[in-house]
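A look at the structure
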Amino acid sequence: MTDTAKALLDLLDLETLDTNLYRGSGSGGETPTRIYGGQVIAQALTAAYATVSGRLCHSLHAYFIRPGDPSRPVIYEVDPARDGRSFTTRRVVAMQNGKQILNLAASFHAQEDGWDHQHAMPDVPVPGGLEPRHEILKRNASRFAPEKQAELLRPRPFEIREVEPRDPLAPEKTSDANQMWIRMEAAQGAGPELQHILLAYVSDFGLLGSSMRPHGLTFHNPEAMTASLDHAMWFHAPVQLQNWHLYSMDAPFTGSARGFNRGSIYTEDGQLVASVAQEGLLRPLKR
């Protein structure tokens, strides 16, 4: 296991403070300036799972309320809202400095049989023929300010290969279709709960970028203020994130300084394992 993978797994291993009360680290995620949204979602789901037995999460809905401070721990308080015959519901509040930074509702379902159908996976190039994202960043690092280069080149626990990568500093206007292959080899052997938590972590990666693509924007542009506003996720089938998964995203609407983004996550052989939706802030900055 790589050091970066171990650091992520440690980040998602919360400290129990009391009944239904947990503490997680704010530092160590994807960004140094504020806590990465997928990190808070994944930690909140970890806290919820700690109070549930024998059922897997089938959906979660979260609101980002305040930016998280990476220099401080995050306290997670779980409300055991309901334990029913088939469904279990939990509400989780994430707090720093006595104020909410995220609240999350998650539902857990006992295994049942039913009818099955799904939309087909898009026809895209296989990951083996695509350039790894870290190689693209390495090739472009010299174009960034020196203080940003170390952050860009920092090793990450997930391997990502974008189907249609764009120039990070001079992006062309293009379709909102936004697809990438993802995997984390260190997820090998993880139980179904941890697989869900890892997928929730990575599901926030690049999703808001879908609504930026038609406008020639990236997260490295100084023209837009961006932030995730909410995040919803549905788990459909077992996840084995040590294998390649296609994250196929689009953005049906952008307007009023917000962008609506959605995603479907497939196994390499085409099984739909999760769906995602998110609205994000996309505010033009005045020069």
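Below is a summary of the structure that appears in this document. As the structure is a prediction and not an experimental result, all values here were calculated from the model. (Residues numbered from 1 in each chain as written. Predicted model: local features only at pLDDT ≥ 70, side-chain atom pairs only at ≥ 80, totals over all residues. Heavy atoms only, no water.)

1. Digging into the overall build of the protein chain
Quick note on the threshold: Secondary structure follows DSSP: runs of H or I at least 4 residues long count as helices, runs of E at least 2 residues long count as strands, and numbering of each begins at the N terminus. Throughout, radius of gyration means the C-alpha value; the globule benchmark is 2.2 Å times the number of residues raised to the power 0.38. A simple rule labels every residue: compare its accessible area, found with a 1.4 Å probe on the protein chains alone, to the largest value its type can have, and call it buried under 20%, exposed over 50%, or partly exposed in between. We call two residues in contact when some of their heavy atoms are within 4.5 Å. Per-residue and other accessible areas follow the Shrake-Rupley method at a 1.4 Å probe size, with only the shown protein chains counted as cover for residues. Just so you know, the count uses Lys and Arg for positive and Asp and Glu for negative, and it drops His and the chain ends. For this purpose, a charge sits on NZ of Lys, CZ of Arg, CG of Asp or CD of Glu.
Across its full length, the protein chain carries six helices and 13 strands. Expected size for 287 residues packed as a compact globule is a radius of gyration near 19 Å; at 19 Å, the protein chain falls within 12% of this value. Across the 287 residues of the protein chain, 48% fall into the buried class. A sequence separation of at least 24 residues applies to 71% of the contacts in the protein chain between residues at least 6 apart. Per element, the accessible surface of the protein chain, about 14500 Å² overall, is 50% carbon and sulfur. Each charge sign in the protein chain was given a centre, from 28 positive and 33 negative side chains, and these centres are 7 Å apart.

2. Comments concerning the side chain of Thr267
Cut-off, in case you're wondering: In protein, a polar contact requires one atom able to donate a hydrogen and another able to accept it; more generally it is a pair of N or O atoms within 3.5 Å, and residues adjacent in sequence count only if both atoms are side-chain atoms.
Mapped onto the fold, Thr267 is located in strand β12 (residues 258–267). Exposure remark for Thr267: the relative accessible area of 14% places this residue in the buried category. Engagement of the side chain of Thr267 in a polar contact is seen with the side chain of Asp269, the distance being 2.4 Å. In this structure Thr267 touches Met121, Trp244, His245 and Val273, once residues within four positions along its chain are discounted.

3. Some points on helix α1 (residues 3–11)
This is how it is decided: As used here, the arc is the angular range of directions from the helix axis to the C-beta atoms.
Taken as a whole, α1 has its buried residues at Ala5, Leu8 and Leu11. Around the axis of α1, the buried residues are gathered within 120° of arc, so they sit on the same side. Here the buried face of α1 lies against α2 (37–49) and α5 (192–202).

4. Notes on the packing of aromatic side chains
What counts is decided by this rule: Aromatic contacts are taken between Phe, Tyr and Trp rings whose centres are within 6.5 Å, Trp giving its six-membered ring; a plane angle under 30 degrees counts as stacked, one over 60 as edge-to-face, and the others as tilted.
Applying the stated rule across the entire model yields three aromatic pairs. For the ring pair Tyr36 and Tyr201, a centre distance of 5.0 Å and an interplane angle of 65° mean the geometry is edge-to-face. Pair noted here: Tyr36 is in the loop between β2 (21–24) and α2 and Tyr201 is in helix α5, with a separation of 165 residues, a long-range link. Taking 5.1 Å as the distance between ring centres and 70° as the angle between the ring planes, the aromatic pair formed by Tyr49 and Phe108 counts as edge-to-face. Placement of the pair is Tyr49 in helix α2 and Phe108 in strand β6 (residues 99–109), with a sequence separation of 59 residues. In terms of burial, Tyr49 and Phe108 fall into one category: buried. Members of the aromatic cluster, connected to one another through ring pairs, are Tyr36, Phe158 and Tyr201.

5. Let's talk about the nonpolar core
Where we set the bar: We define the nonpolar core as a collection of buried residues of types Ala, Val, Leu, Ile, Met, Phe, Trp, Tyr and Cys that are connected through side-chain atoms lying within 4.5 Å of one another.
Leu45, Tyr76, Leu102, Leu104, Leu199 and Met233 are the most contacted members of the largest nonpolar core, which totals 56 residues. No other element matches α2, which puts eight residues into this core. Sequence-distant contacts of Met233, that is, excluding residues within four places in its chain, are made with His58, Ser59, Leu60, Leu199, Ala200, Ser203, Ile265, Ala274, Ser275 and Val276. By size, the runner-up hydrophobic cluster in this structure holds eight residues, among which are Val124, Leu130, Val163 and Trp181.

6. Observations regarding the pattern of salt bridges
Where charged atoms of side chains with opposite charge meet at close range, the side chains can pair. Put simply, the rule is: Salt bridge, as used here, is a side-chain nitrogen of Lys or Arg placed within 4 Å of a carboxyl oxygen of Asp or Glu.
On inspection of all chains with the given rule, the structure shows 13 salt bridges. Arg91 is the salt-bridge partner of Asp79, the closest N and O atoms lying 2.4 Å from each other. Highlighted residues: Asp79 in strand β4 (residues 74–83) and Arg91 in strand β5 (residues 87–96), separated in sequence by 12 residues. Relative accessible area serves as the criterion here: at 30%, Asp79 is assigned to the partly exposed category. Of the charged contacts, one joins Glu159 and Arg161 as a salt bridge, the two residues approaching to 2.8 Å between their closest N and O atoms. Put simply, Glu159, Arg161, Arg183 and Glu185 are held in one network by salt bridges that share partners.

7. Comments concerning the packing of α1 against α5
Here is the rule we go by: What counts as an axis is a line fitted to C-alpha atoms, over the stretch in contact for a helix, and the angles between N-to-C directions run from 0 to 180 degrees. Each angle is binned into one of four classes, with values under 35 degrees roughly parallel, values over 145 roughly antiparallel, values of 65 to 115 roughly perpendicular, and all other values oblique. Think of it as three bins: nonpolar holds Ala, Val, Leu, Ile, Met, Phe, Trp, Tyr, Cys and Pro, charged holds Asp, Glu, Lys and Arg, and polar takes everything else, Gly as well.
Relative orientation of the contacting elements α1 and α5 amounts to 105°, with a least axis distance of 11 Å. Classified by the angle their axes make, α1 and α5 are roughly perpendicular. Only Leu194, Leu198 and Tyr201 of α5 make contact with α1, whose side of the interface consists of Leu8, Leu9 and Leu11. Broken down by class, the residue content of the contact of α1 with α5 amounts to six nonpolar, no polar and no charged.

8. Quick look at the environment of Thr174
Its place among the elements puts Thr174 in the loop between β7 (159–162) and β8 (178–183). Of the residues examined, Thr174 reaches a relative accessible area of 24% and is grouped as partly exposed. Put simply, Thr174 and Leu60 are 114 residues apart on the chain and 31 Å apart in space, counted from C-alpha to C-alpha. In contact with Thr174, not counting residues within four places along its chain, are Arg166, Arg213 and Pro214.

In short, shape yes, function no, at least from these values alone.
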